[in-house]
Amino acid sequence: MAVGTVAVYPDAPAGFPRHLQAGAMRRRFWGVFNCLCAGAFGALAAASAKLAFGSQVNMGFCTLGIIVMATTNSLMWTFFSRGLSFSMSSAIASVTVTFSNILSSAFLGFVLYGECQEVLWWGGAFLVLCGLVLMHRNLSPLRKALSHKQH
């Protein structure tokens, strides 16, 4: 800056330029998609381990279950690391994977074992979803409160 000039900062945070907005949204989509896939593969790994190490399982089925568990577990880590690279923060990626894993586990538990979750369990899943929505918002409530205090 030149001597005697004053820096003026805008009240609102700067957004992405128009030519970068589509790329940023695409990047966010792929981050969420990879994290959702990671949670689903994690649930599949857990379900295959439960099937492989059940009480009355023959040796061939146990071996197949271990192979499926190792494959889906490696896919889970692959998608999670890709989701981390696309995501805006590691916290958002971790919560997205956790939420996907919760829902996938509930679905697989119902399909494979006939398990039904209680209302309290679904309430907890809903609270995780609410936290996830808050984390994915563009402008956090703290930033809004700070911008109102400056006026």
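Everything below is about the structure printed above this text.
Structural notes, computed from the coordinates. (Residues numbered from 1 in each chain as written. Predicted model: local features only at pLDDT ≥ 70, side-chain atom pairs only at ≥ 80, totals over all residues. Heavy atoms only, no water.)

## A closer look at the packing of helix H3 (residues 90-113) against helix H4 (residues 119-136)
The N-to-C vectors of H3 and H4 enclose an angle of 150 degrees; their axes lie 10 Å apart at closest approach. As the angle between them shows, H3 and H4 are arranged roughly antiparallel. H3 and H4 meet at a crossing whose hand is left-handed. In this structure, H3 uses Ala 91, Ile 92, Val 95, Thr 96, Phe 99, Ile 102, Leu 103 and Ala 106 to contact H4, whose residues at the interface are Trp 121, Trp 122, Ala 125, Val 128, Leu 129, Leu 132, Met 135 and His 136. (Axes fitted to C-alpha atoms, helices over the stretch in contact; angles between N-to-C directions. Helix = DSSP H or I, 4+ residues; strand = E, 2+ residues; numbered from the N terminus. Parallel < 35°, antiparallel > 145°, perpendicular 65-115°, else oblique. Left-handed = near helix turned anticlockwise from the far one by under 90°. Contact = heavy atoms within 4.5 Å.)

## Things to note about the environment of Val 57
Relative to the elements of secondary structure, Val 57 occurs in the loop between helix H1 (18-52) and helix H2 (59-86). Aside from chain neighbours lying at most four places away, what touches Val 57 is Leu 51, Ala 52 and Cys 62.

## Observations concerning the state of the cysteines
Within the structure shown, the criterion is met by 0 disulfides. Free of any disulfide, Cys 35 has its nearest cysteine sulfur in Cys 37, 9.4 Å distant. Residue classification places Cys 35 among the buried residues on the basis of a relative accessible area of 2%. (Disulfide = S-S within 2.5 Å. Buried < 20%, exposed > 50% of the residue type's maximum accessible area, 1.4 Å probe, protein only.)

Any link to function would need more than the numbers given here.
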